[in-house]
Each structure stands twice: as C-alpha cells, then as structure tokens.
Amino acid sequence: MADTAGFNERNIEEFRANHGQLGGGFAGAPVLLLHTIGARSGAARVNPMMYLADQGRYLVFASKAGSDRNPDWYHNLLAHPEVRIEVGDDEIAVRAEELRGAERDTAFAEQARRHPGFAAYQRKTRRVIPVVALIPTGEGTAPADRTGRTSS
C-alpha cells in the first residue's frame, strides 16, 4: 500500500506541475484527479486515474489493475457521490453515477479499444469492472492551483 500511495503522490505532483499532463506510461492519456471522502474514515482522498470523455461526462473505470476487489475510491463514490475532480488546471464539482447494462458495456468496450490494458484487466478478474460517470453539477469550476484548492 505504501508503494501505491507513493506512486499516486508522484503522479498527483506531476499532474499539477504540468497542467494535467503525465509522462511515462500515462503520456498522452487523459488523466484526472478524483477527490473523494472515505466511505468509513471520512478522510479526504485524491486518486489519479484515466478517464474517457463522454458527452460532457467523465467516465472512470474501477479496474484496480484487474484485482478481484473494487478499488477504495469506488466504495467512496457509492457512499459520497458528490465529489470534485481536477482536469487540467480546472477543478469541477461532479456527481457520480454508475453505468449499467448496455451503456456500461459500450463505454468499457470503447475504453478498452483506446487503451487495451483495460481489456487485460477485465480478463484478469471474475468481477465486471464498474464504470462510473462523473457528471458536472455546474458548481466549483474555478481553476485549481497546484495544491488543488480553487483560486478566488
């Protein structure tokens, strides 16, 4: 877990320093920072993740690299669906809604087409990887500074 936390922290710092862009294995990929509240702890959390833009929504995929367990951020969104994201230099208030059925399948297939690692993640696990739509609420769209706080 410490390795994951360090990896995430380095990516968060790089994301903010480079206006939402990451290098390495994420070079050129659309990445956002998801801010959640811990489902049990109530603690603030930030997770970098790839997304798929979809008609004004941001779709995220609870792959956890093909683990048989959903990632913590997924459980956090179920408990507290009103969250915020950082995309580039903007901070956006969003509401999380899980996609189901054909809509989920179509979105996942598109993400797997664009980024084949997601297809590999699905093959590694027995669970159906959840797809969550982050829908802007129209609140809090001020540009974020490098600490993630909105500017006034």
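Presented here is a report on the structure given in the accompanying data block. In this text the structure is predicted, and so the values were computed from the model without any measurement. (Residues numbered from 1 in each chain as written. Predicted model: local features only at pLDDT ≥ 70, side-chain atom pairs only at ≥ 80, totals over all residues. Heavy atoms only, no water.)

## Quick word on the sheet that holds strand β2 (residues 44-50)
Convention followed: Strand pairing follows a simple DSSP-based rule, namely that at least 2 bridges must link the two strands. The numbering of helices and of strands both runs from the N terminus, where a helix is a DSSP run of H or I of at least 4 residues and a strand a run of E of at least 2. Fitting a line to C-alpha atoms yields each axis, with helices limited to the stretch in contact; the angle taken between N-to-C directions then spans 0 to 180 degrees. It only takes one pair of heavy atoms within 4.5 Å for two residues to be counted as in contact.
The strand order β2-β1-β5-β6-β7-β4-β3 describes an open sheet built from seven strands, whose pairing is antiparallel. Lying at the two open borders of the sheet, with one neighbouring strand each, are β2 and β3 (52-54). The mean inter-strand angle of the sheet, taken between neighbouring strand axes irrespective of direction, is 35°. Packed on one face of the sheet, helix α3 (residues 101-114) meets β2, β3, β4 (57-61) and β7 (131-136) and runs near 80° to β4.

## Some details on the packing of aromatic side chains
Here a ring pair, both rings aromatic, is described through the centre-centre distance and the interplanar angle of the planes. In plain terms, the rule: Between the rings of Phe, Tyr and Trp (Trp by its six-membered ring), a pair exists once the centres lie within 6.5 Å; its type follows the angle of the planes, with under 30 degrees stacked, over 60 edge-to-face, and the other angles tilted. For each residue, the accessible area found with a 1.4 Å probe, counting protein chains only, is set against the maximum for its type, and the residue is called buried under 20%, exposed over 50%, and partly exposed in between.
This model, assessed by the stated rule, comprises five aromatic pairs. Summarising the aromatic geometry, the rings of Phe61 and Phe108 are spaced 6.0 Å apart at their centres and angled 70° between planes, so their arrangement reads as edge-to-face. In this pair, Phe61 sits in strand β4 while Phe108 sits in helix α3, placing the two residues 47 residues apart along the sequence. Owing to a relative accessible area of 6%, Phe108 belongs among the buried residues under this scheme. An aromatic cluster is built from Phe61, Phe108, Phe118 and Tyr121, whose rings are joined through pairwise contacts.

## Quick look at the side chain of Gln111
Here Gln111 lies in helix α3. Since its relative accessible area comes to 0%, Gln111 is described here as buried. The residues touching Gln111, leaving out its near neighbours within four places in the chain, are Met50, Tyr51, Leu52, Phe61 and Phe118.

## Focus on helix α2 (residues 72-79)
As a reminder of what qualifies: To obtain the arc, one takes the directions from the helix axis to the C-beta atoms.
Among the residues of α2, those classed as buried are Trp73, Tyr74, Asn76 and Leu77. The buried residues of α2 occupy an angular sector of 160° when the element is viewed end-on, so they sit on one face. Each element contacted by the buried residues of α2 is listed here: β1 (31-37), β2, β4, β5 (82-87), β6 (90-98) and β7.

## A closer look at the packing of α3 against helix α4 (residues 117-124)
Worth spelling out the cut-off: Here roughly perpendicular refers to angles of 65 to 115 degrees, roughly parallel to angles under 35, roughly antiparallel to angles over 145, and oblique to all remaining angles. Side-chain classes follow a simple rule in which Ala, Val, Leu, Ile, Met, Phe, Trp, Tyr, Cys and Pro form the nonpolar group, Asp, Glu, Lys and Arg form the charged group, and the remainder, Gly included, forms the polar group.
Relative orientation of the contacting elements α3 and α4 amounts to 120°, with a least axis distance of 6 Å. Here α4 runs oblique to α3, going by the angle between their axes. Contact residues: α3 offers Arg104, Phe108, Gln111 and Ala112, while α4 offers Phe118, Ala119 and Gln122. A breakdown of the residues in the contact of α3 with α4 according to their chemical character gives four nonpolar, two polar and one charged.

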